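The residues making up each chain are set out below.
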Amino acid sequence: MQKSGLKTPYFIIDESKLVANLEKAKYLKDISGVKLVLALKCFSTWGVFDLIKPYLDGTTSSGPYEVKLGHETFGGETHAYSVGYSEDDVREVADICDKMIFNSQSQLAAYRHIVEGKASIGLRLNPGVSYAGQDLANPARQFSRLGVQADQINPAVFDSLNGVMFHMNCENKSVTAFKGLLDSISLQFGKYLDELEWVSLGGGVFFTWPDYDIDTLGLALKEFAERHGVQLYLEPGEAIITKTTDLVVTVVDIVENGKKTAIVDSATEAHRLDTLIYNEPASVLEASESGSHDYVIGSCSCLAGDQFCEASFDEPLNIGQKLHLLDSAGYTMVKLNWFNGLKMPSIYCERSNGEVQMLNEFGYEDFKRSLSQWSVK
Ligand SMILES: *Cc1c(COP(=O)(O)O)cnc(C)c1O
């Protein structure tokens with residue numbers, strides 16, 4: 001398949017970039033003894049899991065179908081976590097997961113008997129400290145429902161727990177800040193951790209960021225694991241797929257109302273939702289900081305404020321021209337929706353040898369089926 005002939009909109013995952021991230025992940029494992037499970041809520045495009053499997057230990061999930069998907073398509077260790085399980089969820093998941101992590105002491109008490117003897121049992125703790133840029137994504141925010149706070153723990157629960165999970169980082173690029181969180185956890189929960197088999201420190205540690213000091217992170221993890229006598233886990237999502245994937249779009253119109261807007265055949269609300277939720281503009285490969293031709297890159301949805309970014313270019317944009325919206329994998333391909341009945345982006349992988357392989361393609365029937373399957377009678 002030739003890249004130039006692909007119909008936009010589409011996502012294209014670059015194998016070489018993915019493997020470069022995975023090599024860093026493997027190095028971190030080698031120097032620290034940590035195990036790494038992929039957070040499926042960030043990235044679940046199972047068509048590339050064969051590329052990821054050799055480097056990571058398994059998957060972790062945020063809901064019942066992710067557990068099933070991880071078990072079916074990735075294998076290795078399958079961690080099951082949910083903020084709120086129903087009894088049906090627990091029964092479905094218990095047979096296929098290796099670890100079941102409850103969010104509260106009440107869920108643990110209600111469902112432990114279903115899991116016992118089938119999977120290792122864990123509880124999420126909330127350390128009350130965190131590193132997250134936005135309040136919306138801060139697990140230690142005021143009144144947080146995510147995990148049990150230190151002052152609410154009934155120490156007796158640890159008698160029947162195999163492990164605990166903490167998740168308190170979001171895109172943390174500072175190893176110094178992460179070490180501070182580790183110290184806080186040791187101080188608050190150390191005596192409990194000493195009794196456990198495993199501790200997961202969650203996701204959000206951005207160890208694949210350029211110039212991230214992986215050696216210092218590895219040493220800190222190793223020391224923490226030895227101090228408490230536990231197998232450590234991290235649950236990376238974004239760190240694994242960061243900067244691997246472009247959303248490729250075509251300019252379909254150019255309009256002007258005070259500013260020039262290039263309208264493209266995609267929308268943030270449907271295809272790149274976090275641009276909107278977190279107000280984080282996209283970056284465009286073709287843009288140039290010194291360019292003198294300024295455009296809003298506008299979406300083709302009907303939402304008035306729906307735009308990818310503002311960007312400058314060396315030359316005027318033309319209708320029919322392709323643009324690459326960079327870094328469009330994490331929390332993006334898992335959130336695609338059919339708003340406005342827009343055409344859903346196809347998904348491709350560009351292999352290291354240059355070959356382009358199709359992973360997914362959608363049509364009108366998929367749109368229609370997602371809305372209703374039967375009519376009222
Ligand atoms: C979101 C989440 C992750 C993954 O976070 P990243 O920032 O993508 O690394 C891991 N564990 C839990 C419990 C999460 O909620």
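Worth saying up front: this structure is predicted, and the values here are computed from it rather than measured.

K.L.:
What should I look at first to understand the site of the ligand in this one?
P.N.:
Close to the ligand lie Ala-39, Lys-41, Met-165, His-167, Gly-203, Gly-204, Glu-235, Pro-236, Gly-237, Glu-238 and Tyr-331. In this structure, a nitrogen atom belonging to the ligand sits 2.6 Å away from a side-chain N or O atom of Glu-235. Tyr-331 has a polar side-chain atom sitting 2.5 Å from an oxygen atom of the ligand.

K.L.:
Honestly, the nonpolar core in this entry has me stumped. Any pointers?
P.N.:
In summary, soluble globular proteins display a tendency toward joint burial of nonpolar side chains. If you look at the biggest cluster of nonpolar residues, it comprises 94 residues, and the most contacted ones within it are Leu-201 and Ile-297. Of the residues that make up this core, three or more belong to each of domain 1 (3–11 + 245–328 + 336–371) and domain 2 (33–241). With near-sequence residues (within four places) excluded, Leu-201 lies in contact with Phe-166, His-167, Met-168, Phe-178, Leu-182, Ile-185, Leu-221, Phe-224, Leu-232, Tyr-233 and Leu-234. Membership of the second largest hydrophobic core comes to 7 residues, among which are Val-37, Tyr-81, Trp-198 and Tyr-233.

K.L.:
Hey, could you run me through the packing of helix H1 (residues 15–32) against helix H7 (residues 214–228) in this one?
P.N.:
Helix packing geometry: the angle between the two helix axes and the distance between the axes. Remark: H1 packs on H7, axes separated minimally by 8 Å, with the N-to-C direction vectors making an angle of 40°. Between H1 and H7, the interaxial angle falls into the category oblique. As H1 runs across H7, the sense of the crossing is right-handed. Together, Lys-24, Tyr-27, Leu-28, Ile-31 and Ser-32 of H1 and Ile-214, Asp-215, Leu-217, Gly-218, Leu-221 and Lys-222 of H7 make up the contact between the two elements. Per-class residue counts for the contact of H1 with H7 are 6 nonpolar, 2 polar and 3 charged.

K.L.:
What exactly am I supposed to notice about the pattern of salt bridges here?
P.N.:
Here the idea is simple: oppositely charged side chains can pair when their charged atoms come close. One pass over the structure, following the stated rule, counts 14 salt bridges. A salt bridge links Asp-95 to Lys-118; its shortest N-O distance comes to 3.0 Å. Taken together, the residues span a long stretch of sequence, with Asp-95 in the loop between helix H4 (87–94) and strand E5 (99–102) and Lys-118 in the loop between helix H5 (105–115) and strand E6 (120–126) at a distance of 23 residues. Here Glu-116 and Arg-112 are joined by a salt bridge, their closest N and O atoms 3.5 Å apart.

Conventions and cut-offs
- Residues numbered from 1 in each chain as written.
- Predicted model: local features only at pLDDT ≥ 70, side-chain atom pairs only at ≥ 80, totals over all residues.
- Heavy atoms only, no water.
- Near = heavy atom within 4 Å.
- Polar contact = N/O pair within 3.5 Å; in protein donor to acceptor, adjacent residues only side chain to side chain.
- Core = buried A, V, L, I, M, F, W, Y, C linked by side-chain atoms within 4.5 Å.
- Buried < 20%, exposed > 50% of the residue type's maximum accessible area, 1.4 Å probe, protein only.
- Domains from an automatic or database assignment.
- Contact = heavy atoms within 4.5 Å.
- Axes fitted to C-alpha atoms, helices over the stretch in contact; angles between N-to-C directions.
- Helix = DSSP H or I, 4+ residues; strand = E, 2+ residues; numbered from the N terminus.
- Parallel < 35°, antiparallel > 145°, perpendicular 65-115°, else oblique.
- Left-handed = near helix turned anticlockwise from the far one by under 90°.
- Nonpolar A, V, L, I, M, F, W, Y, C, P; charged D, E, K, R; others polar.
- Salt bridge = Lys/Arg side-chain N within 4 Å of Asp/Glu carboxyl O.

So, to be careful, I would describe these as geometric facts and stop short of saying anything about function.
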